[in-house]
Amino acid sequence: MNTPTKTWVNGTLVDSADAAVSVLDHGLTTGDGVFETMKAADGRAFALTRHLDRLTRSARGLGLPDPDHDRVREACAQVLAANPMPLGRLRVTYTGGNAPLGSERGDGGATLVAAIGPVNRRPDTTAASVVPWRRNEYSAVAGLKTTSYAENVVALAAAHRVGASEALFANTAGLLCEGTGSNVFVVIGGRLLTPTLASGCLAGITRALVVAWCGAEETDLPLEALQDAEEVFLTSTLRDVQAVTRIDDRELPGVGPVTAKAMAVFAERSGDDLDP
């Protein structure tokens, strides 16, 4: 039986089962919204400042007003205090608010929601699958964390059908890009590499920390790099650093030395500083 939780909606903390936004909310009708997902351990969110900064970058990319960081922090604090749990997925969603039934926005102000749910620690290894669809690095929303997630839903379902936990995309140029909710790193010739942001991938918070803490190089990578790599790992808020041991029909070794070091460094550094 699931433990009831509390959700913060536009300034009010309510039972999650009763939490609601209008059916005219532009985030619902058109996907006109942005969001952030944070790891919350024992009531404390990790890298909150970085997530708030990215929330603002995404909002600006859509042309939404800048979110009030103090208000978002207060929403997160209330949700964390009301929902004690050892490990949780804390999500902040910020949308265009109520609008007519079309692409144009209304003038009623933005919607802000903060919610949390329990999660289990991820396993150290996983499988991934390359999907046939492409990320469009020229899209108006490339690199933004928007609520328009249907493409990811379809791709992730395809990965699940072949026993993988993540789907990997190339971009329109055939370069390795990202997963549905993760960034990808490869080890080739002992060098730790990851696609550049110009590939259209999301500027992942964990990605940025791994680049800084582990000396990874950002470079253009052909999709075939997944076949040449000695090691592959994924990064995301809830995966941290997770080794990939199978990509479609290709088996990779267990946690390789470069991946093991990245795992250890990330665990140590993130444990020492909750808001790096």
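Preceding this paragraph is the structure being described.
## Brief notes about the overall build of the chain
Across its full length, the chain carries 7 helices and 15 strands. Against the globule reference of 19 Å for 276 residues, the chain gives a C-alpha radius of gyration of 19 Å, in line with a compact fold. With respect to the three principal axes, the spread of C-alpha positions in the chain is 55 × 40 × 35 Å. Expressed as a percentage of its 276 residues, the buried residues of the chain come to 46%. A sequence separation of at least 24 residues applies to 68% of the contacts in the chain between residues at least 6 apart. Of the roughly 12800 Å² of accessible surface on the chain, 53% is carried by carbon and sulfur atoms. Measuring between centres, the 25 positive side-chain charges of the chain sit 2 Å from its 33 negative side-chain charges.

## Notes on the packing of aromatic side chains
How two aromatic rings sit relative to each other is set out by the distance from centre to centre and by the angle between their planes. Inspection of the entire model under this criterion finds 4 aromatic pairs. Arranged with centres 5.3 Å apart and planes meeting at 80 degrees, the rings of Phe 35 and Tyr 149 form a pair that is edge-to-face. Of this pair, Phe 35 sits in strand 3 (residues 33–41) while Tyr 149 is found in the loop between strand 7 (125–135) and helix 4 (150–161), placing the two residues 114 residues apart along the sequence. For Tyr 149, a relative accessible area of 27% translates into the label partly exposed. With centroids separated by 4.9 Å and ring planes inclined at 15 degrees, the aromatic side chains of Phe 185 and Phe 233 adopt a geometry described as stacked. You can see Phe 185 sitting in strand 10 (residues 183–188) and its partner Phe 233 sitting in strand 13 (residues 231–236), a full 48 residues away along the chain. Accessibility assignment for this pair places Phe 185 and Phe 233 in one class, buried. Within the aromatic cluster, the residues linked to one another by ring pairs are Phe 46, Trp 213 and Phe 266.

## Some remarks on the nonpolar core
If you look at soluble globular proteins, the nonpolar side chains tend to sit buried side by side. Judged by nonpolar contacts, the single largest core of 23 residues is most densely connected at Met 38, Val 72, Cys 76, Leu 90, Val 92, Tyr 94 and Ile 116. Elements supplying a minimum of two residues to this core: strand 3, helix 2 (48–62), helix 3 (69–82), strand 5 (87–95) and strand 6 (111–118). Sequence-distant contacts of Val 72, defined by excluding residues within four places in its chain, comprise Leu 52, Leu 55, Pro 67, Val 92 and Leu 112. If you look at the next biggest cluster of nonpolar residues, it comprises 18 residues, including Ala 47, Val 187, Val 211 and Val 241.

## Focus on the packing of helix 2 against helix 5 (residues 205–214)
Two elements in contact, helix 2 and helix 5, have axes whose closest approach is 10 Å; the angle formed by their N-to-C orientations is 120 degrees. Compared by their axis directions, helix 2 and helix 5 come out oblique. Considering the relative orientation of helix 2 and helix 5, their crossing is right-handed. Contacts between helix 2 and helix 5 pair Arg 50, His 51 and Arg 54 from the former with Ile 205, Ala 208 and Leu 209 from the latter. When its residues are assigned to classes, the contact of helix 2 with helix 5 shows 3 nonpolar, 1 polar and 2 charged.

## Concerning a negative patch on the surface
Judged by side-chain charge, Glu 268, Asp 272, Asp 273 and Asp 275 come together as a negatively charged surface patch. You can see Asp 272 is positioned in helix 7 (residues 257–272).

## Here we look at unusual backbone geometry
One non-glycine residue, Asn 10, lies in positive phi territory at about 50 degrees. With a phi close to 55 degrees, Asp 248 is a non-glycine residue in the positive phi region. Mapped onto the secondary structure, Asp 248 falls in the loop between strand 14 (240–247) and strand 15 (250–251).

## Details of the pattern of salt bridges
This model, assessed by the stated rule, comprises 11 salt bridges. Of the charged contacts, one joins Asp 124 and Arg 122 as a salt bridge, the two residues approaching to 2.8 Å between their closest N and O atoms. You can call Asp 124 partly exposed: its relative accessible area is 35%. Salt-bridge contacts for Glu 217 lead to Arg 191; the nearest nitrogen and oxygen are separated by 2.7 Å. One end of the pair, Glu 217, is in strand 12 (residues 217–218); the other, Arg 191, is in strand 11 (residues 191–194), with 26 residues separating them in the sequence. Overall, the relative accessible area of 33% leaves Glu 217 in the partly exposed class. Put simply, Arg 121, Arg 122 and Asp 124 are held in one network by salt bridges that share partners.

## What to know about helix 4
Across its 12 residues, helix 4 extends 17 Å between first and last C-alpha, which sits within 8% of the 16 Å expected from 1.5 Å per residue. Those residues of helix 4 that sit buried are Asn 152, Ala 155, Ala 158 and Ala 159. Taken end-on, helix 4 shows its buried residues confined to a sector of 125 degrees, consistent with a single buried face. Exposed residues lying more than 90 degrees from the buried face of helix 4 are Ala 150, Val 153 and Arg 161. Buried residues along helix 4 sit in contact with strand 7 and strand 8 (166–171). Just beyond helix 4, the residue with positive phi is Gly 163, at close to 80 degrees.

Criteria and cut-off values
- Residues numbered from 1 in each chain as written.
- Predicted model: local features only at pLDDT ≥ 70, side-chain atom pairs only at ≥ 80, totals over all residues.
- Heavy atoms only, no water.
- Helix = DSSP H or I, 4+ residues; strand = E, 2+ residues; numbered from the N terminus.
- Rg over C-alpha atoms; globule rule 2.2 N^0.38 Å.
- Buried < 20%, exposed > 50% of the residue type's maximum accessible area, 1.4 Å probe, protein only.
- Contact = heavy atoms within 4.5 Å.
- Areas by Shrake-Rupley, 256 points an atom, 1.4 Å probe, with all protein chains shown as cover.
- Lys, Arg positive; Asp, Glu negative; His and termini not counted.
- Charge placed at Lys NZ, Arg CZ, Asp CG, Glu CD.
- Phe/Tyr/Trp six-rings, centres within 6.5 Å; stacked < 30°, edge-to-face > 60°.
- Core = buried A, V, L, I, M, F, W, Y, C linked by side-chain atoms within 4.5 Å.
- Axes fitted to C-alpha atoms, helices over the stretch in contact; angles between N-to-C directions.
- Parallel < 35°, antiparallel > 145°, perpendicular 65-115°, else oblique.
- Left-handed = near helix turned anticlockwise from the far one by under 90°.
- Nonpolar A, V, L, I, M, F, W, Y, C, P; charged D, E, K, R; others polar.
- Patch = residues over 30% accessible without salt bridge, like charges linked within 9 Å, V, L, I, M, F, W, Y side chains within 5 Å.
- Salt bridge = Lys/Arg side-chain N within 4 Å of Asp/Glu carboxyl O.
- Expected span 1.5 Å × (residues − 1).
- Arc of directions from axis to C-beta.

Any link to function would need more than the numbers given here.
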